[in-house]
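Each chain is listed here by its residues.
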Amino acid sequence: MENRPIQGQTARHKFGRFHRKQPGVSVLALTAFLISAPGAGFAQSASPGSTGLDVVVVTASRNVLEERIGALPGGADLVLTQDKIAETSNLTISRALATTPGVVIQNFFGGNAQPRIQIRGSGLQQNPVQRGVLVLQDGLPINRADGSYVVGFGDPAQAEAVEIYRGYLANRLGATVIGGALNFISPTGQTAPAGRLAASGGSFGQFGLLGQYGWQESDYDALIQTDVSRRDGYRDYNNSYRVRVGGNLGLRLSSNVNARLFTSYSALNFDVSGPLTASLLKSNPQSVFTGPTVTPSGSINPGPNVVRDRPERDADQFLIGSRITGIFGAHLVDMAIGFTRTEDSFRFPVSSGVTDTNGEDVTSVLRYAYKPDGAAILPLFEATAQYATGSAGRNYYLNLSGKKGALFGTDELGADTLSLNAGFNIPLGAITLSPSIAYSHAGRDNVDVYHQSTRPTAAYNPANPNALLPNGAVPTVGTGYDRGYEGFSPALGLSWRPDDANLLFAAVSRSFEPPTHDDLLATVNGTPNSSPGRPNPATPAAPAAAFATPALKAQRATTAEAGARGNAAPFSWDVTAYYSWVRNELLSLRDLTGASLAAINADRTRHLGVELGLTAQITPQLSGRIVYDYQDFRFVKDPLRGNNQLAGAPPHSLYAQVDYSLSKDWSASLDARWMIAGIPVDNSNTLYSAPYAVVDLRTKYRITDTFSIFGEVTNLFDKTYASSSLVVDQARPDQAAFMPGDGRGVHTGIMLNF
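Residues numbered from 1 in each chain as written. Predicted model: local features only at pLDDT ≥ 70, side-chain atom pairs only at ≥ 80, totals over all residues. Heavy atoms only, no water.

J.: So what's going on with the environment of phenylalanine 346? Which residues, and what values?
T.: When you line up the elements, phenylalanine 346 lands in strand β16 (residues 331-347). The class of phenylalanine 346 is buried, set by a relative accessible area of 7%. Sequence separation between phenylalanine 346 and asparagine 269 is 77 residues; the distance between their C-alpha atoms is 9.7 Å. (Helix = DSSP H or I, 4+ residues; strand = E, 2+ residues; numbered from the N terminus. Buried < 20%, exposed > 50% of the residue type's maximum accessible area, 1.4 Å probe, protein only.)

J.: Report on the nonpolar core, specifying residues and quantitative values.
T.: By size, the foremost hydrophobic cluster in this structure holds 26 residues, and its most contacted members are Ile93, Leu97, Val103, Ile117, Ile164, Leu182 and Phe184. For this core, the elements supplying multiple residues, two or more each, are β2 (103-106), β3 (116-119), β4 (133-137), β6 (161-166), β7 (180-185), β12 (257-271) and β15 (312-328). Apart from residues lying up to four places away in sequence, isoleucine 164 is in contact with Gly75, Ala76, Asp77, Val79, Leu97, Thr100, Val103, Ala181 and Leu182. Leu65, Leu72, Leu173 and Ala491 belong to the second largest nonpolar core, which has 22 residues in total. (Core = buried A, V, L, I, M, F, W, Y, C linked by side-chain atoms within 4.5 Å. Contact = heavy atoms within 4.5 Å.)

J.: How would you explain the layout of surface pockets if you had to name every residue and give the values?
T.: Empty space within the second largest pocket amounts to approximately 410 Å³. Ala376, Ile377, Leu378, Pro427 and Thr432 are the residues nearest the centre of the second largest pocket, which is lined by 17 residues in total. Here the lining of the second largest pocket is built from residues that sort into ten nonpolar, four polar and three charged. (1 Å grid on protein atoms, 1.4 Å probe; cavity = no way out; pocket = protein on both sides within 12 Å on 5 of 7 lines; lining within 4 Å. Points joined across faces, edges and corners; volume = space filled by probe spheres on them. Nonpolar A, V, L, I, M, F, W, Y, C, P; charged D, E, K, R; others polar.)

J.: So what about the environment of arginine 590? Which residues, and what values?
T.: As for its placement among the helices and strands, arginine 590 is situated in strand β31 (residues 571-590). Separated by 465 residues in the primary sequence, arginine 590 and glutamine 125 place their C-alpha atoms 9.6 Å from one another.

J.: Summarise the sheet that holds β6; cite the residues concerned and give the values.
T.: Sheet architecture is open: five strands sit in the order β1-β6-β7-β4-β5, paired in mixed fashion. Since the sheet does not close on itself, it has two edges, and those belong to β1 (76-79) and β5 (140-141), each with one partner. Summarising the sheet, β6 and β7 pair through six bridges and their orientation is antiparallel. Within the sheet, the bridge partner assigned to valine 162 lies in β7 and is phenylalanine 184. (Pairing = 2+ DSSP bridges.)

J.: Explain empty space enclosed by the protein to me, and be specific about the residues and the numbers.
T.: Under the defined criterion, the tally for this structure stands at eleven cavities of 30 Å³ or more. In this structure, the largest cavity spans a volume of roughly 860 Å³. In terms of lining residues, the largest cavity is bounded by 43 residues, among which Ser94, Arg95, Asn107, Arg673 and Asp696 are the most central. Those elements giving two or more residues to the lining of the largest cavity turn out to be α6 (93-96), β2, β33 (622-635), β34 (652-661), β35 (666-675), β38 (692-702) and β39 (707-714). For the lining of the largest cavity, the residue count by class is 17 nonpolar, 17 polar and nine charged.

J.: Run through the pairing of β31, naming residues and quoting values.
T.: Relative to β31, strand β30 (residues 555-568) runs antiparallel, the two being bridged by 13 bridges. The residue of β31 that forms the bridge with threonine 558 is tryptophan 581. Inspection of the sheet shows β31 paired to strand β32 (residues 596-617) by 19 bridges, in the antiparallel sense. Bridged to tyrosine 579 within β32 is leucine 608.

J.: Give me the lowdown on the packing of aromatic side chains, citing residues and values where you can.
T.: Counting across every chain of the model gives 13 aromatic pairs. For the pair tyrosine 368 and phenylalanine 381, a centre-to-centre distance of 6.2 Å together with 55° between the ring planes defines the contact as tilted. With tyrosine 368 in strand β17 (residues 354-370) and phenylalanine 381 in strand β18 (residues 381-400), this residue pair connects regions lying 13 residues apart in the sequence. Relative to phenylalanine 408, the ring of tyrosine 396 has its centre 5.9 Å away and its plane inclined at 45°; by these criteria the two rings are tilted. Note that tyrosine 396 is positioned in strand β18 and phenylalanine 408 in strand β19 (residues 403-424), a separation of twelve residues in sequence. Here a set of aromatic residues connected by ring pairs shows up, and it is made of Tyr213, Trp215 and Phe754. (Phe/Tyr/Trp six-rings, centres within 6.5 Å; stacked < 30°, edge-to-face > 60°.)

Structure follows, in structure tokens:
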């Protein structure tokens, strides 16, 4: 059911908005009831069979969780991020997940700025607010209720591990996305009952401080954390900082019931350095763009005027949640509730203006697993019910030379998403049959509360881009909508374990992903020198729409995948190949200047890919790891784009790492990131970013059992390259589209364990 109010929906949304205004009351009451608990090894896992604080996981090593993820009939992985902290001065998401296949991350502005992250192409063309991946912290989403998320709120430096579920496996966690899910698992006082302090610094004004302390008593445990990082940046306008504090508290309520309360606060701020033209990328990659150039024959070098508009993002999120888990014989029950308060101010270039979004979301989750055979890796039956509801107020202001100008729009956004999933893992000797079914219902409503008859506009003289032209105004056109989406997503997985070390699997699945508010509501008709609603800077009175509210459908896909995981000394491997037939793919289009054109549904597309991870323990001292991703995402007989590649997807990417232990206390590693082929910037496939290879060198030395030092040289050969680009519909060769990657950097740090 698409774009039609579901029976009773309008009334429910009205009451929903009323109740969503005060979600904190109910969540605090519930967290008081669910107050928290000891869990041990990876207590906040979201993997099947370890729903929450599974006592089996509590008393076992991390290998138990690795074994469970390894038994799933699809693409899945576990990354132990605590092992990486001592190797790098700034553990970003791209660095933490570099060694896992299938998660493609393209850095935008370095440091903790907003990278583009996608799994199997879902949300490929979304940035700066992203969708397509369910991002969890200890099993509860940091996504807003409409599915959007700020990727910088996920902090791998404060995670013990990250679970990765690609494709349909994420449905079992309550996902309503095509791409997959990431779950950041926090350490606890049981898994990390000690202190840790790390400090680092280096090139580009980078500084980081990380602290953690956990303790355990007979009937409770607790842990607190903090992570502070800042940097001036590689480019001229490139400052960023991130502060995150958090902790969790656990209690064992009885011999078979545990609970845990966790909370965190994250604050992000970063300058948006913006894109450069290809010529500027080569000649001066540290510069920022000053907008189009007017010549006697017309305007050239389209792109945003970063020097004048000073784009930046300032966002923070407060999260509190609680989980309680009980094990009653063969039955495992996990209940969780979480509350987030998110404030997000984004100063876009003048073409979009300044957007302030403040909102609250509540998510409740109920998971159940039935495991009559205690020796089984996966439960025989599992079910998940997840409901997220939230509201947000959003104000739109003109961007006047980097300052907040007149208000031109105000919206009250509401969203609710219900996800139900049930599945079996039926053992048939060495074969396991895993059928499942998911149902999703999503509501997206917006009330336009801007009551003025006109919307103000502003513009600059293209020939003198710092000179304001006369103010303008356009008639107000309402932006309200009330949309409903629902769909079923069945799946069938089959796995064969010929021996304890190897697994082969195949699966066919359906998936369903509704649009977010950022898809359904967008500013339009802006230019590098004028605000939304003013497509010609010189005509302040010409009527034009300032917003678009496209009647989008949910995107759906049918995916077939097959793969293998296993090891045979000295090698281990993880490989998955997939093919997705996608209908109504959600694409966020931008014009050649980078200004929004609003989102569309592409009628038919297809996603073909291979995800490969290969590890070799060559000698006791020497090991290597290769991760290769192949992505061939295309339109299918599109009337405008034919069978072109979807813009933004790297066709071939390779990550290689070699680790060598020079002694029991001293080790070194060499990492290489290689984009083997050009990446299309536009859906018309007229402009590509160039292939590149970047090499990093790292070393660490343990001086005593408690004290160690580390150092790294990033971009060892000082390669000039575009780490990512804008994604536009139709490009031209002279436009500003390319985001420079960092030049050579030298960093060092110390770590103290006590």
